[in-house]
Amino acid sequence: VQTEMRAVLCVLITVPALVVGAFLYRYSGQQAVRNTPFAQLAKTHLEAQAKQIPRKEEEVAVIHLPQGDITLQLFPNSAPATVENFKKLIHVGFFDGCAFYRVEPGACLQGGCGMTPGKRFPYAPVPLEYKVPNYERMIHMARSSEPNSATSDFSIMLGDHSFPAGPTGNTPGGYAVFARVILGWDVVQELIKAPTHSGPETGGLRIVDNLLTWKNISLKHMPWDDNVFYDDSKHQ
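Residues numbered from 1 in each chain as written. Predicted model: local features only at pLDDT ≥ 70, side-chain atom pairs only at ≥ 80, totals over all residues. Heavy atoms only, no water.

Peer 1: Any chance you could explain the pairing of strand β2 (residues 68–74) here in plain terms?
Peer 2: The side chains of a regular strand alternate between the sheet's two faces. Counting buried positions over the 7 residues of β2 gives 6, a clear majority of the element. By the bridge criterion, 6 bridges tie strand β1 (residues 57–65) to β2 in an arrangement that is antiparallel. Within β2, the position partnered with Leu-65 by the bridge is Gly-68. Linking β1 to β2, which pair antiparallel, is a turn of 2 residues. (Buried < 20%, exposed > 50% of the residue type's maximum accessible area, 1.4 Å probe, protein only. Helix = DSSP H or I, 4+ residues; strand = E, 2+ residues; numbered from the N terminus. Pairing = 2+ DSSP bridges.)

See below:
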């Protein structure tokens, strides 16, 4: 009985002591308090807890332009080969000095190295990976009428084109969405004001008078919460 009583007393004394120590370490700025045994024990406890807290991050791509940055959330689960190709091109600096060169009002802002002298795609074309509808802010790979012909150029959707860019739309198979704009939509809106021209020499496409040249595209990690729909109004 005496042994059990001692054990109970130890618990009753130790638990409040740890709580007090944690309080002193967390909230006191006095050096003498931080050096007490209780404070050191609390510090170790708090550090151990911190290591167990999951801190999820998302890898994003950032298009750097003189007008500002455009941040893209990538979709590796929906378009793994497309995202891997995009990231490889970023790693080797392929997009450095490339540009947005086409603006179709209400439809798309297209860019890449298609009109950049001296740029030649270094890999095999990417297989078509259609899964995500082409809603506004989505980004799909540009391609020819051949479904598996995407290389490096891509288009930002300026409106809902889920049907015309879908598998039963204008081009059989649809266009592979691999990312979406989560920051910098104001930059996109500024870019699409650029003067354009079209005619027989452009194949009817609206080409900007002066290329909207990028500095480069980079990859980075940002804190992420799956319960938040990231856009310009919620994550600046």
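Peer 1: Explanation requested: the pattern of salt bridges in the structure shown.
Peer 2: Proximity of charged atoms lets side chains of opposite charge pair with each other. Evaluated as defined, the whole model comprises 3 salt bridges. Two residues, Lys-87 and Glu-59, come together in a salt bridge whose shortest N-O distance is 2.8 Å. Of this pair, Lys-87 sits in helix α4 (residues 80–91) while Glu-59 sits in strand β1; the two residues are 28 residues apart in sequence, bridging distant segments of the chain. You can call Lys-87 buried: its relative accessible area is 18%. The exposure class assigned to Glu-59 is partly exposed, which follows from its relative accessible area of 24%. In this structure, Glu-104 engages Arg-102 in a salt bridge whose closest nitrogen and oxygen atoms are separated by 3.0 Å. In this structure, Glu-104 and Arg-102 share a single accessibility class: buried. (Salt bridge = Lys/Arg side-chain N within 4 Å of Asp/Glu carboxyl O.)

Peer 1: Hey, could you run me through the packing of aromatic side chains in this one?
Peer 2: The geometry of an aromatic ring pair comes down to the distance between the two centres and the angle between the two planes. With the rule as written, the count across this model stands at 12 aromatic pairs. The interplanar angle of 75° and the centroid separation of 5.9 Å between the aromatic rings of Phe-94 and Phe-95 together place this pair among those described as edge-to-face. Each member of the pair Phe-94 and Phe-95 is classed as buried. Their ring planes at 25° and their centres at 5.7 Å tell us that Phe-154 and Trp-214 sit as a pair that is stacked. Of this pair, Phe-154 sits in strand β6 (residues 154–157) while Trp-214 sits in the loop between β9 (207–213) and β10 (216–223), and the two are 60 residues apart along the sequence. Across this residue pair, the class does not change: Phe-154 and Trp-214 are buried. Of the aromatic side chains, those joined through ring pairs into one cluster are Phe-86, Phe-94, Phe-95, Phe-100, Phe-121, Tyr-123, Phe-154, Phe-178 and Trp-214. (Phe/Tyr/Trp six-rings, centres within 6.5 Å; stacked < 30°, edge-to-face > 60°.)

Peer 1: Before we go on, may I ask you to explain the confidence of the model for the protein chain in this structure?
Peer 2: When pLDDT is averaged along the protein chain, the result is 79, and 72% of the positions lie at 70 or above. A low-confidence stretch, residues 1–36 stays under pLDDT 50, and its non-local contacts, those more than four residues away or across chains, total 21 contacts. Overall, residues 232–236 carries pLDDT values under 50, and its contacts beyond four positions in sequence, including any with other chains, amount to 12 contacts. (pLDDT = per-residue confidence, 0-100. Contact = heavy atoms within 4.5 Å.)

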